[in-house]
Amino acid sequence: MIGLISATAAGAAARDRLAAAWPDRTRVYEGPVGEAVRAAFAECEQLVCFLATGAVVRLLAPLLGDKTADPGVVCVDEAGRFAVSLVGGHGGGANELACGVGALLGAEPVVTTATDSVGLPGLDTLGLPYEGAVAQVSRALLDGEPVALEAELPWPLPPLPASPQGAYTIRLTDRDMAPGEREVLLRPPSLVVGVGASKGAPAEEVLGLIEESLAQAGLSPRSVAELATVDAKAEEAGIVAAASRLGVPLVTYGAEELAGVAVPNPSAAPLAAVGTPSVAEAAALLRGGELLVPKRKSAMATCAVVRRPGRGRLAVVGLGPGARDLLTPRAAAELRRASVLVGLDQYVDQIRDLLRPGTRVLESGLGAEEERARTAVAEARRGHAVALIGSGDAGVYAMASPALAEASDDIDVVGVPGVTAALAAGAILGAPLGHDHVSISLSDLHTPWEVIERRVRAAAEADLVVTFYNPRSRGRDWQLPKALGILAGHREPATPVGVVRNASRPDESSRVTTLAALDPATVDMMTVVTVGNTATRTVAGRMVTPRGYRWQEGGK
C-alpha cells in the first residue's frame, strides 16, 4: 500500500489525482502532517509526500531504521514539477515509484541513486538474494575499477560491466559459502527440493532433513526455488510448513506424472501409498535438471535435490517506426534488461544510447534475418538475457517469425509489441484503416510472386483497404504497378491512396492521391502505400474509411 500525505490545497489536489489513478494501491492520510507521516511509515510499504523535502527529512529522521526494511519515500513539490526519490530507492522501490508518479502527474522523476544515475543495474535490484560487500562492489563498478563476474552456472542476468579478473568479484553461485571481503554473492533460484513424507510428519523433521541435505552437499538454502511433491501430499502439514519457513512455493504433481520419471532409487512403499515408485526424486527431476542429492531419508520424510539450469530469456522487441516517442516503455525496459542485443546495424544505432554499460551488441547488415534469429536463440540457450530487435512490430514482417521458428521450449520467449509502419502511416494519413484492412508485402524475396498476386487479387475482390509494405526497390520495380492494376479492376480511378515515406522520422513525407494518379516511380522501400476501399473518402485532405457502410447512405 502507498500512503499519501499532503499539507496544502495544491498538494491535496495532486494527491487526489494520484489516489484516483491508483485506487487499489493508495491510502490517503489526513490530519496533522507529523502524525500522518508516522502512521503511514508504520502501515505502508511506500509513501508519497506532497511536501518539501526538508520537512519530510525532519519527520522521517527518527523513524528510519534499516534500508532493507524502511518503506520507499517519494516527495512531490507543491507545483508538481518534480517527484524526488528520497528514501529506499532500491530496497523500498522509491526510484521506480518516482518514475510512476512522475508519469501520472507530469512531474520530472529525480533519482540520485548512483547506479541508476549512470544506467547500471543495482546489485540489490536484480531480484536475487545477495550477500556481501554490495556497497563496495557497486562503488568499484561506478569508478570503473575491474570487477570480475564469476558465474558458476548460466543465468539471464542484466548487463554488468564486468572484467575477466579484478580486485572485486560478483559471484553467481548456489554453493553454501561466505562472501570474500570484496565480493558479492548472488543466489540464483536454481535448486528444487523434492519432498515426501508420511502422514503426520513434523515440520521440524521435514525442514531438518532438507537443511541437513543441503548442508552436506554444500548448497545454499537461499537458492532453493521451490519444494515439489505428489498431489496427495499437497495438504501435508509438515511439508506445507517447511515450504513456508523456507519462503518458497510448494509445487505438486500427479502420481501418474511422477511414475513416468526415471529415478535411481525407486521404492515399493510410495508406490503402494500414493501410486508412484518415487516422490522426492521424481518430483525434483520432473522438469529436468541434475540430481545433486539422491534420495535421503529420515524416520518420516524423504528429500532429493536437483539443480535446474537457468533458462535463457529472449525478448523479441518492436522498436516502432523510428521516432523515440513511439518506442514503448516496455520496449525500453527490455533493452535495459538485456545483456545481449541482436539486431540490424541501423536499428541498433537508433537505440544504442538506451543500452546499459556492459551490454554485448551483435549487429549485422541487411539480408541476414535468419542468421540474426539463430544467433539470438543460441545466446538465449547459453543462459543469457537477449533482446532481438526489429522495426515496427517485431511480429509484422520482422524478427519474431524467424526467431520463434528457431526457438524451442528450452528458453523463455517474450514478445514486446511495437507501433507498425501501417499504423504510423495510417495516423499520418487520417483514418484509412477504420474498417477491414490487410497488409501485403510486395517483396518476392521470400514469397513467390504468384502467391503475392493471388493475395492482392483476393483483397481486391473482398473490398479490403490494402497497405503495401516493401512496395518498390531499384531492382524490383514492376510489382507495385502490377498490384495497383489488380486493384484498379475492382475500384474507381478516384479511390484515395495514401503514400507515406519514413513515417515518424525527421524526413517524413506524405501525400494523399488517387489510384489513377499515383506514379509508382515516386515510391521506394522506405514508403508505405495504403489503397482505400470503395467506401474510403478524402475529407479535408485526409483519408477516411468509415467504420460502418451505413455512413454512405443517401450518397454521403
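Above this text is the structure in question.
The model shown is predicted, which means the values in this text are computed figures rather than measured ones.

> Any chance you could explain helix α7 (residues 203-216) here in plain terms?
Turn by turn, an α-helix covers 3.6 residues, leaving residues three or four places apart pointing in a common direction. In this model, α7 (14 residues) spans 20 Å end to end at C-alpha, consistent with the 20 Å of a helix rising 1.5 Å per residue. Buried residues of α7: Ala203, Glu205, Val206, Leu207, Leu209, Ile210, Ser213 and Leu214, and no others. Of the surrounding elements, those touching the buried residues of α7 are β11 (191-197), β12 (224-230), α8 (237-246), β14 (290-297) and β15 (301-307).

> How do you make sense of the environment of Asn533 when you look at a structure like this?
When you line up the elements, Asn533 lands in the loop between β26 (527-531) and β27 (537-539). According to the relative accessible area criterion, Asn533 is buried, its value standing at 1%. Separated by 46 residues in sequence, Asn533 and Leu487 have C-alpha atoms that sit 9.3 Å apart. Of note is the side chain of Asn533, whose polar atom sits 3.4 Å from the backbone oxygen of Asp463.

> How should I be thinking about the pairing of β26 in this particular structure?
One face of the sheet, then the other: side chains in a regular strand alternate in exactly this way. β26 sits mainly inside the fold: five of its five residues count as buried. Summarising the sheet, strand β23 (residues 465-469) and β26 pair through three bridges and their orientation is antiparallel. Note on β26: the bridge partner recorded for Phe468 is Val529. Note: strand β24 (residues 496-501) against β26, five bridges, orientation antiparallel. For Val497, the partnering residue across the bridge sits in β26 and is Val531.

> Before we go on, may I ask you to explain the environment of Glu145 in this structure?
By secondary structure assignment, the location of Glu145 is in the loop between α6 (134-142) and β8 (147-151). Along the sequence, Glu145 and Ser163 sit 18 residues apart, while their C-alpha atoms lie 9.0 Å from each other. Setting aside anything within four residues of it in sequence, one finds Glu145 in contact with Ala140 and Tyr168.

> Help me understand the sheet that holds β12 in this model?
Neighbouring strands of a sheet are bound in pairs by backbone hydrogen bonds; such pairs are parallel or else antiparallel. Strand order in this open sheet of five strands is β13-β12-β11-β15-β14, and the pairing throughout is mixed. What marks the edges here is a single partner per strand, and that holds for β13 (250-253) and β14. Going across the sheet, the axis of each strand differs from the next one's by a mean of 25 degrees, ignoring polarity. For β11 and β15, the ladder comprises seven bridges, and the chain directions are antiparallel. Note on β15: the bridge partner recorded for Val195 is Cys303. This element, α7, spans β11, β12, β14 and β15 of the sheet and lies at about 40 degrees to β15. Sitting on the sheet, α8 touches β11, β12 and β13, and the angle it makes with β12 is about 175 degrees.

> How should I be thinking about the sheet that holds strand β28 (residues 542-544) in this particular structure?
An order of β21-β28-β27 is seen for the three strands of this open sheet, with the pairing classed as mixed. One side of each edge strand has no neighbouring strand; the edge strands of this open sheet are β21 (430-431) and β27. Sheet topology places β21 next to β28; two bridges connect them, and they run parallel. Residue pairing in the sheet places Ala431 in a bridge with Val544 of β28.

> Whenever I open this one, the packing of α7 against α8 confuses me. Can you help?
Between two packed helices, the angle of one axis relative to the other and the distance separating the axes together describe the packing. Interhelical geometry of α7 versus α8 gives an angle of 55 degrees and a closest axis separation of 8 Å. As judged from the angle between their axes, α7 and α8 are oblique. Two packed elements cross with a definite hand, and for α7 against α8 that hand is right-handed. Only Gly238, Ile239, Ala241, Ala242, Arg245 and Leu246 of α8 make contact with α7, whose side of the interface consists of Ala203, Glu204, Val206, Leu207 and Ile210. A breakdown of the residues in the contact of α7 with α8 according to their chemical character gives eight nonpolar, one polar and two charged.

> Just checking my understanding: could you explain the pattern of salt bridges for this structure?
All chains considered together, the criterion is met by 25 salt bridges. The partner of Arg457 in a salt bridge is Glu453, and the shortest N-O contact between them spans 2.8 Å. Of this pair, Arg457 and Glu453 are both found in helix α17 (residues 449-461), four residues apart, which corresponds to roughly one turn of the helix. Taken together, the shared-partner salt bridges in this structure form one network comprising Glu152, Arg171, Arg175 and Glu183.

> What exactly am I supposed to notice about helix α2 (residues 33-43) here?
For α2, every residue scored as buried is listed here: Gly34, Ala36, Val37, Ala40 and Phe41. Mapping the buried residues of α2 onto a view down its axis gives an arc of 160 degrees, with all of them on the same face. In the core, the buried residues of α2 are packed alongside β1 (2-6), β2 (26-29), β3 (46-50) and α3 (53-60).

> What should I look at first to understand the packing of aromatic side chains in this one?
The relative placement of two aromatic rings is captured by the distance of their centres and the angle of their planes. One pass over the structure, following the stated rule, counts two aromatic pairs. Between Tyr397 and Tyr469 the ring centres are 4.7 Å apart and the planes differ by 55 degrees, which places this aromatic pair in the tilted class. Linking Tyr397 in the loop between β19 (385-390) and α15 (400-406) with Tyr469 in strand β23, this pair joins segments that are 72 residues apart in sequence. Between Trp449 and Trp478, the ring centres sit 5.0 Å apart and the planes meet at 75 degrees, which makes this aromatic pair edge-to-face. Here Trp449, found in helix α17, pairs with Trp478, found in the loop between β23 and α18 (479-488); they are 29 residues apart in sequence, far enough to count as distant.

> Where do I start with the side chain of Glu183 in this structure?
For Glu183, the location among the structural elements is in strand β10 (residues 183-186). Glu183 sits in the buried class, given a relative accessible area of 8%. Within the structure, Glu183 has its side chain in polar contact with the backbone nitrogen of Gly180 (distance 2.7 Å). When residues no more than four places from it in sequence are discounted, the contact partners of Glu183 are Glu131, Gly132, Ala133, Val137, Thr169, Arg171 and Ala178.

About the criteria used
- Residues numbered from 1 in each chain as written.
- Predicted model: local features only at pLDDT ≥ 70, side-chain atom pairs only at ≥ 80, totals over all residues.
- Heavy atoms only, no water.
- Helix = DSSP H or I, 4+ residues; strand = E, 2+ residues; numbered from the N terminus.
- Expected span 1.5 Å × (residues − 1).
- Buried < 20%, exposed > 50% of the residue type's maximum accessible area, 1.4 Å probe, protein only.
- Contact = heavy atoms within 4.5 Å.
- Polar contact = N/O pair within 3.5 Å; in protein donor to acceptor, adjacent residues only side chain to side chain.
- Pairing = 2+ DSSP bridges.
- Axes fitted to C-alpha atoms, helices over the stretch in contact; angles between N-to-C directions.
- Parallel < 35°, antiparallel > 145°, perpendicular 65-115°, else oblique.
- Left-handed = near helix turned anticlockwise from the far one by under 90°.
- Nonpolar A, V, L, I, M, F, W, Y, C, P; charged D, E, K, R; others polar.
- Salt bridge = Lys/Arg side-chain N within 4 Å of Asp/Glu carboxyl O.
- Arc of directions from axis to C-beta.
- Phe/Tyr/Trp six-rings, centres within 6.5 Å; stacked < 30°, edge-to-face > 60°.

Fair warning: the whole summary comes from geometry, so function is off the table for now.
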